[in-house]
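Structural description and commentary
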Amino acid sequence: MNAPKLLLLALPFGWACSDPPTSSRTINASLAAVAAPEEAVLAGQLLAFASTRDQGAFQVFVMQENALRPRQLTTVPNYNARPNWSHDGRRITFTACRPTDQSCEIYVMNADGSGQTKVTDNFSTEQMSVWSPDDRRIAFVSDRDGTPQIYVMNADGSQQTRLTFDGAFDFLPTWSPDGARLAFQTSRDGNDEVYVMNADGSNAVNLTSSLAADQFPAWSPRGDQIAFRSDRDGNFEIYVMNVDGSQPTRLTNTAAEEYYPAWSPSGNRIAFVSDRDGNFEIYVMKPDGSLQTRVTSNAAFDADPAWAITVTR
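The structure presented is a predicted model; accordingly, all values stated were derived computationally and were not measured.

Some words on the overall build of the protein chain
Helices and strands together make up the secondary structure of the protein chain, namely 1 helix and 25 strands. For the protein chain, the residues scored as buried account for 57% of the 313 residues in total. At a minimum sequence separation of 6, the contacts of the protein chain that also span at least 24 residues come to 40%. For the protein chain, the exposed area adds up to about 12100 Å²; of that, 49% sits on carbon and sulfur atoms.

A few points about the sheet that holds strand S11 (residues 149–154)
Strands sit in the order S9-S10-S11-S12 across an open sheet of 4 strands; the sheet is antiparallel. Unpaired on one side and paired on the other, strand S9 (126–131) and strand S12 (161–162) mark the two borders of the sheet. Looking at chain direction, S11 and S12 are connected through 2 bridges and run antiparallel. In the sheet register, Tyr151 faces S12, and the bridge partner there is Arg162.

Some details on the pattern of salt bridges
If charged atoms from side chains of opposite charge come close, those side chains can pair. Taken as a whole, this structure holds 14 salt bridges when the rule is applied. With a shortest N-O distance of 3.0 Å, Arg232 and Asp214 are connected by a salt bridge. Taken together, the residues span a long stretch of sequence, with Arg232 in the loop between strand S18 (225–230) and strand S19 (237–242) and Asp214 in strand S17 (residues 214–219) at a distance of 18 residues. Among the residues examined, Arg232 registers a relative accessible area of 28% and is labelled partly exposed.

Observations concerning the sheet that holds strand S22 (residues 270–274)
Taking strand neighbours across the sheet as the criterion, the 4 strands line up as S21-S22-S23-S24 in an open arrangement whose pairing is antiparallel. A single partner strand is all that each edge strand has here, and the edge strands are strand S21 (258–263) and strand S24 (293–294).

Regarding the packing of aromatic side chains
Tallying each qualifying case throughout the model produces 14 aromatic pairs. Geometrically, the ring pair formed by Phe49 and Phe61 is stacked, given 5.6 Å between the ring centres and 20° between the ring planes. Here Phe49, found in strand S2 (residues 45–54), pairs with Phe61, found in strand S3 (residues 57–64); they are 12 residues apart in sequence, far enough to count as distant. Just as Phe49 is buried, Phe61 falls in that class too. With a centroid separation of 5.9 Å and an interplanar angle of 85°, the aromatic rings of Tyr259 and Phe280 are classed as edge-to-face. With Tyr259 in strand S21 and Phe280 in the loop between S22 and strand S23 (281–285), the pair connects residues that are 21 residues apart, well separated along the chain. With respect to burial, Tyr259 and Phe280 carry one shared label: buried. In this arrangement the basic side chain of Arg232 is found over the ring face of Tyr239, its NZ or CZ atom lying 5.6 Å from the centre.

What to know about the nonpolar core
Counting residues in each nonpolar core, the largest one holds 38 residues, and the members touching the most others are Leu47, Trp175, Tyr259 and Val273. Beyond its immediate stretch of four places on either side in the chain, Val273 contacts Glu257, Glu258, Tyr259, Tyr260, Phe280, Glu281, Ile282, Asp302, Ala303, Asp304 and Pro305. If you look at the next biggest cluster of nonpolar residues, it comprises 13 residues, including Ala48, Val60, Met109 and Ala308.

Some details on the side chain of Arg229
Within the element layout of this structure, Arg229 appears in strand S18. From its side chain, Arg229 meets the backbone oxygen of Glu258 in a polar contact 3.4 Å long.

Observations regarding the environment of Leu207
Tracing the backbone through its elements, the reader meets Leu207 in the loop between strand S16 (205–206) and S17. The buried category is assigned to Leu207, whose relative accessible area is 9%. Linking Leu207 and Ser246, residues 39 residues apart in sequence, is a C-alpha distance of 8.0 Å. Contact partners of Leu207, with chain neighbours within four places excluded, come to Val194, Tyr195, Val196, Ile226, Met241, Val243, Asp244 and Gly245.

Remarks on the pairing of S3
Across the 8 residues of S3, 7 count as buried, placing the element largely inside the fold. As paired elements, S2 and S3 share 7 bridges and run antiparallel to each other. When the bridges of S3 are listed, Phe49 appears paired with Phe61. Looking at chain direction, S3 and strand S4 (residues 71–72) are connected through 2 bridges and run antiparallel. Bridge pairing in S4 links Phe61 to Gln72.

Things to note about the pairing of S23
In terms of residue burial, S23 counts as a mostly covered element, since 5 of its 5 residues are buried. Bridging between S22 and S23 involves 5 bridges; their strand directions are antiparallel. Bridge pairing links Ser274 to Glu281 in S23. Two elements, S23 and S24, share 2 bridges in a ladder whose sense is antiparallel. The partner of Tyr283 across the bridge, within S24, is Arg294.

The rules behind these values
- Residues numbered from 1 in each chain as written.
- Predicted model: local features only at pLDDT ≥ 70, side-chain atom pairs only at ≥ 80, totals over all residues.
- Heavy atoms only, no water.
- Helix = DSSP H or I, 4+ residues; strand = E, 2+ residues; numbered from the N terminus.
- Buried < 20%, exposed > 50% of the residue type's maximum accessible area, 1.4 Å probe, protein only.
- Contact = heavy atoms within 4.5 Å.
- Areas by Shrake-Rupley, 256 points an atom, 1.4 Å probe, with all protein chains shown as cover.
- Pairing = 2+ DSSP bridges.
- Salt bridge = Lys/Arg side-chain N within 4 Å of Asp/Glu carboxyl O.
- Phe/Tyr/Trp six-rings, centres within 6.5 Å; stacked < 30°, edge-to-face > 60°.
- Lys NZ or Arg CZ within 6 Å of the ring centre and 35° of its normal.
- Core = buried A, V, L, I, M, F, W, Y, C linked by side-chain atoms within 4.5 Å.
- Polar contact = N/O pair within 3.5 Å; in protein donor to acceptor, adjacent residues only side chain to side chain.

This is the structure we're talking about:
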């Protein structure tokens, strides 16, 4: 089964859910046994992620420092995933599919899991939300007009505006650090490619232009590179390229499937997901591909890593 491809399409279409009170909690040690990574890998930072470790349904968790303290932020059944931190470290947007909602929707919550608020509300599938660098806007994906397209809205859900109009499948927007552009994944050329466009949707340009599947773009915080995953060498691996598409460089090289690269705020690490050890776990590495280190270790499916700087203890 190609699990990452299922995740790309959000897994949750038509799932039923319930909406009990939501609170954060610490995971039982038997569910959270993790081999400690290199001490500097997560020191002083937070890594949010999605995991099925709580009764088999995807929930949002946060790891602190050396990954020995995973904390669960969502508890509503069925699907809560794809977390993305605001740049001030105080809020997280995520995708949720809950029984009281008409479909999968975009939510925002405080960094401790409190104040979970739905900011989209319709019958379509809304997903893959990401904060703009100034935290005033959220880009996201919706199929409200047919196929999945890129939209943007204010952080409170107002002024929802469509940015792409190609009729293909557009996914996974990622902002440039200056907020002027968005990179995204699209099938408009017949296969998945990484494109970049202005923040108003204009001037879309193909960066990858290959016969392979190029997916999961992630813009570096320094603004000079975009990480992505590709099967151009026969297997899905993590790559980086310059923001003009030049010098694509392979970072991972295993027989496993690697996907969902995510830059640390300082740009000195990339988190990603891999099944190289038998099931999907979260790993981190340097931007040159060295020091690949596993930071989760359990029988669950761990995915969707998203970094933030620690604001308060």
